Structure formats: C-alpha cells, structure tokens
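# Structure at a glance
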Amino acid sequence: MLDSTPERQAAAQRISIIGAIVNALMSALKVIGGVLTGSAALVADGLHSLSDMATDLLVVFLVGVSHKKPDKEHPWGHGRFETLGTVFLAIILLLVAGFMTWDSLKLLFSGEIPAPPAWPALLIAAISIGANEALFFYTLKVGKTSRSNLIIANAWHHRTDSLSSIVVLLALIGALLGVWWLDALAAVLVALLIAKIGLDLLLKSLAELVDTGLPQERIEELHEEVLSVDGVINVHHIRTRLMGGQSLLEMHLQVHPQTSASEGHFIGDTVCARLKQRFDDIGYIIYHIDTYDDETLPEVQLAVLPDRKAIEQQLDRLLEQLLGSRPDYQLTLFYTAKTVKLEIKLSPAIWPLLQHRQLTAPQLEQQLLQTLETLPGFRQLSLWLPTSGSEAQSP
C-alpha cells in the first residue's frame, strides 16, 4: 500500500490554500493599484496572480485525490493524479514563459514608448515581490519535505509571479527614467529561466508516467541494504519506479534451499522493514522468495520437474506395493531450477507394516530410492522414521 501520510497531505493542502489566499489578495491589490496609477503592466500582473489562485485551488484538489487510499478501480493508489497535476503545472510554466517572451519582443520592436505610471505602482510591485518570494520558499520547503513534485512545481509557479513582478518593477523604473526597453529585455531573460524550470519538471513527470526506474546509485544502496539482512543470499531482478513522489520496488530474494515458506516470508518482511526504515520515500515493496538463483533463467520456463501431486501418487503406489498398505507420512519437497529433493517423515504406523513384510528401515529406503530415481530431476531422498522402543531404526 502507498504511504499517504495524513500529516504530509495536510501540509501540502494547507500551503496551497495559503497560496490561493495570498494570490487573491495580491491580484486585487495589483489590479486596483494598476488602474489607479495608470500602470497597464501592473494590471496584467494582477490578472496573472488571479490565474495563480485558480491553480492553487486545483493543487488542493489534486493533493486530496492523490492521497486517497487504493480502491477497486485504483488498486495501486492515486499517486498518478499528482504526477498528472505536475505535468499540467509544467505546461503552464512553459506557456507563461512563451507569452512573456512574445509580449516582450512585441514591445521591443513596436517602437511605442509607454507613458510613465505614478510612483505608488513601484510600492505595489515591491510588495508583490516580497509576498511571492515568501510564498515560494515556504511552498518549496513543504514540497521537498513531503517529496511532492506537484507542490514543488507550484512553488516555482509562485516564483514566476515573483519574477513577473520584478519585470513589472523594472518596467516601472525604466519608464520613470526614460529607459522603456529595460522591461522587455528583463522579461525575455526571466521567460528563459521559467521555461527551463517548466521543461525540467515536465521531463521529470513524463519519466515518472512511463515508469522510469530509480537512479543507479539508489538501486545500489537498496541492493546493499537487502544483502545486510540475515538469511538473504542474493537479491536480483530489482525493478523500481516512481508514483506521486514515492518509490515502488519489486525484487527477488534468494534464501537457503531448505528454508521453510514461513521463514522465507519472515525474511522478506524483515527486508521490507529495513528498507522502509532507511528510505522513507518507499511506498510499497513486492518481493519474491527464491530458493535457488533464477537470475539467468528465462522469464517464462516450462515446468519439467514433477509437482507434489505427481510425486505423491507415485509414492502412494510404491508404499502400497512394498507394505501392502499406505501409512501416513509427511512429504516435504525442496526444488532447485533442475532438481527436486524429497524428505519423507513416516508415522508410527510404519513399524507393524515393516514387521509384517519382514523389512528393515534401510531396506525400505533402498527400494524407495531405486524407484524414485526414475522421477525427472530427482536428486536426494531423506527418510525419517519415528522411534518405537527397541524397534527404533534410523535411515
């Protein structure tokens, strides 16, 4: 199951709501201030903040959806919604960069010199820069703490608001000083920075959507940690991917050939606990217990060894032929890629049957061995007989 920590979800939604409130206030301040001071750039920046408020509300929704527990329709959880949201925000950043570049180039080559605005517009732009920078750093901190690419992308979206206000401030200063082209030049440089950030986020999110694995250095760290667990001989077929900022793992754990199923499961659970203790970004782990090294075997291999049903049928027939009746027994099978080992524990009912047939335990074992050797892949027989006073025999 994915680790959807309630504290992380609450922190992500809280910072997004704060962002929406700040952007709503900044939008109102810039639009009203721009109208009163005669600054068209400030009005446009206010409308940009209004669109950011809508984005913040969208992030609140996406965070809530992405942290929902797995259900029938989404058995692996809803983390991909966060990834899709990050793609959406990355595209918005690229569009913002494109529009900023287009508007700035139009201004540069239009030859029109805008009228200088009133000085209070400078103060409003400065307030906007301070508010959005504070929002950027706070949101980025929450995004990194919760390992949420969606929140990190939204933090950079706040940074675009800050950079946009810087451009507006430069434009106002330039207009007051008569250097009207300063605004357009600064906007182009800022747009290139925004485009770089948007492209990085987009590529990272798309890599997650196509199940790109974790970096090799992280896989080596995982490999080292797994091998440190007592009982693990080897680990291979490690497959990794990301979903909503969490690492998802699949791996084969090789244990001793005679490890019981319950002990193998215990070793696997120990591996999971150790990995999650060291790497807190791990969401879930699927492990497969191997009793032999199947790393070099083909993914799909036809079974050439007899299964339990076939072995039991042959063993039952053989015991009835040798003893006239089939005693109760416990059969344990140990498989490798090409062989099978049998361990048979007979019940106390074996002694009267042996006496009746005038057989000893070694003779019974020898006759069983001669017949079972015809089984495909047969390797070894271990026969265990219960003690029965003076009649106790060992194999």
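Reading the values: the criteria
- Residues numbered from 1 in each chain as written.
- Predicted model: local features only at pLDDT ≥ 70, side-chain atom pairs only at ≥ 80, totals over all residues.
- Heavy atoms only, no water.
- Helix = DSSP H or I, 4+ residues; strand = E, 2+ residues; numbered from the N terminus.
- Expected span 1.5 Å × (residues − 1).
- Buried < 20%, exposed > 50% of the residue type's maximum accessible area, 1.4 Å probe, protein only.
- Arc of directions from axis to C-beta.
- Contact = heavy atoms within 4.5 Å.
- Pairing = 2+ DSSP bridges.
- Right-handed = clockwise from strand over helix to strand, strands pointing away.
- Axes fitted to C-alpha atoms, helices over the stretch in contact; angles between N-to-C directions.
- Core = buried A, V, L, I, M, F, W, Y, C linked by side-chain atoms within 4.5 Å.
- Parallel < 35°, antiparallel > 145°, perpendicular 65-115°, else oblique.
- Left-handed = near helix turned anticlockwise from the far one by under 90°.
- Nonpolar A, V, L, I, M, F, W, Y, C, P; charged D, E, K, R; others polar.

For an α-helix, 3.6 residues make a turn, and residues three or four places apart therefore share a direction. Here helix 7 (residues 216-227) is twelve residues long and its end C-alpha atoms lie 17 Å apart, about the 16 Å a rise of 1.5 Å per residue gives. Every buried residue of helix 7 is accounted for by Ile219, Leu222, Glu225 and Val226. The arc that holds the buried residues of helix 7, viewed along the axis, is 125°, so those residues lie on one side. Among the exposed residues of helix 7, those oriented more than 90 degrees off its buried face are Glu217 and Glu224. The inward-facing, buried residues of helix 7 contact strand 1 (234-243), strand 2 (246-254), helix 8 (261-278) and strand 3 (282-290).

Moving on to the pairing of strand 2. Among the nine residues that make up strand 2, eight are buried, leaving the element largely enclosed by the rest of the structure. Bridge count between strand 1 and strand 2: eight bridges; the pairing is antiparallel. Across the sheet, the residue bridging to arginine 239 is glutamate 250, located in strand 2. Strand direction decides the pairing type here: strand 2 and strand 3, joined by eight bridges, are parallel. Among the inter-strand pairings, methionine 251 is bridged to a residue of strand 3, identified as tyrosine 287. The parallel pair strand 2 and strand 3, bridged by helix 8, forms a crossover whose chirality is right-handed.

Strand order in the open sheet formed by three strands is 4-5-6, with mixed pairing between adjacent strands. A single partner strand is all that each edge strand has here, and the edge strands are strand 4 (329-335) and strand 6 (378-384). Each adjacent strand pair in this sheet contributes to an overall mean axis angle of 15°, direction not counted. Here strand 5 (residues 340-346) pairs with strand 6 via six bridges, running parallel. Directly across from glutamate 343, in strand 6, lies its bridge partner serine 382. Packed on one face of the sheet, helix 11 (residues 361-372) meets strand 5 and strand 6 and runs near 155° to strand 6.

Quick look at the nonpolar core now. Among the nonpolar cores identified, the biggest contains 27 residues, and Leu323, Leu342, Leu364 and Leu368 are the most heavily contacted of them. Elements supplying a minimum of two residues to this core: helix 9 (308-323), strand 4, strand 5, helix 10 (350-357), helix 11 and strand 6. Examining the composition of this core, we find that six residues originate from one element, helix 9, more than from any other. One finds Val59, Ala90, Leu93 and Ile197 within the second-largest nonpolar core, a separate group that totals 26 residues.

To continue, consider the packing of helix 9 against helix 11. Direction vectors running N to C along helix 9 and helix 11 enclose 140°, while the axes themselves pass 11 Å from each other. As the angle between them shows, helix 9 and helix 11 are arranged oblique. Once helix 9 is placed against helix 11, the crossing between them reads as right-handed. Residues Gln314, Leu315, Leu318, Leu319, Leu322 and Leu323 of helix 9 lie in contact with helix 11, whose contacting residues are Leu364, Gln367, Leu368, Thr371 and Leu372. Residue classes in the contact of helix 9 with helix 11 are distributed as eight nonpolar, three polar and no charged.

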